[in-house]
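The chain contents come next:
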Amino acid sequence: QVRLIESGGGLVQAGDSLRLSCEASERASEFYAMAWFRQAPGQEREFVAGTSRTARYTGRSVKGRFAIFRDNNENTVALQMDDLKPEDTAVYYCAAGPRGVVTDPSGYAVWGQGTQVTVSS
């Protein structure tokens, strides 16, 4: 069973940067799409960014501020978040899926436990 472990969350101020990391327990990153989602209280889980072997995608609400990076040799995927805003406050989840990058959470079979990101104004 593939496991995903996120790290790097925390409390920051608006305008700051933060880098989240997701480590896969096996070589899942060679065979799966990897993505980041986030979920704020009372809201649906939202696609943030995703990467396949050949392409990277960024959600509309974070385009130009967030970027996803993947290292297949180390089985990690990172989310670089710049110019953070209070509305970015959420639990961020790493996910792995068997097909290409999709924005629907149901397209991913493996999820991490999540890491909290809080942005103060």
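Anyway, here's the lowdown on the structure attached to this text.

What counts, and at which threshold
Residues numbered from 1 in each chain as written. Predicted model: local features only at pLDDT ≥ 70, side-chain atom pairs only at ≥ 80, totals over all residues. Heavy atoms only, no water. Buried < 20%, exposed > 50% of the residue type's maximum accessible area, 1.4 Å probe, protein only. Helix = DSSP H or I, 4+ residues; strand = E, 2+ residues; numbered from the N terminus. Pairing = 2+ DSSP bridges. Salt bridge = Lys/Arg side-chain N within 4 Å of Asp/Glu carboxyl O.

**Here's the deal with the pairing of strand β9 (residues 90-97)**
Here is step 1: Within β9, seven of the eight residues are buried, which leaves the element mostly enclosed by the surrounding structure.
Here is step 2: Where strand β4 (residues 33-39) lies against β9, seven bridges are found, and the strand directions are antiparallel. Directly across from A33, in β9, lies its bridge partner G97.
Here is step 3: Note: β9 against strand β11 (residues 115-120), three bridges, orientation antiparallel. Bridged to A90 within β11 is V117.
Here is step 4: Summarising the sheet, β9 and strand β10 (residues 110-111) pair through two bridges and their orientation is antiparallel. Along β10, the bridge assignment pairs A96 with V110.

**As for the pattern of salt bridges**
Here is step 1: In this structure the tally under the stated criterion is four salt bridges.
Here is step 2: Residue D83 pairs with K85 through a salt bridge whose shortest N-O separation is 3.6 Å.
Here is step 3: When its relative accessible area of 29% is taken as the criterion, K85 is described as partly exposed.
Here is step 4: Salt bridges sharing partners connect three or more residues here, namely R38, E46, R65 and D88.

Function cannot be inferred from these measures alone, as they are strictly geometric.
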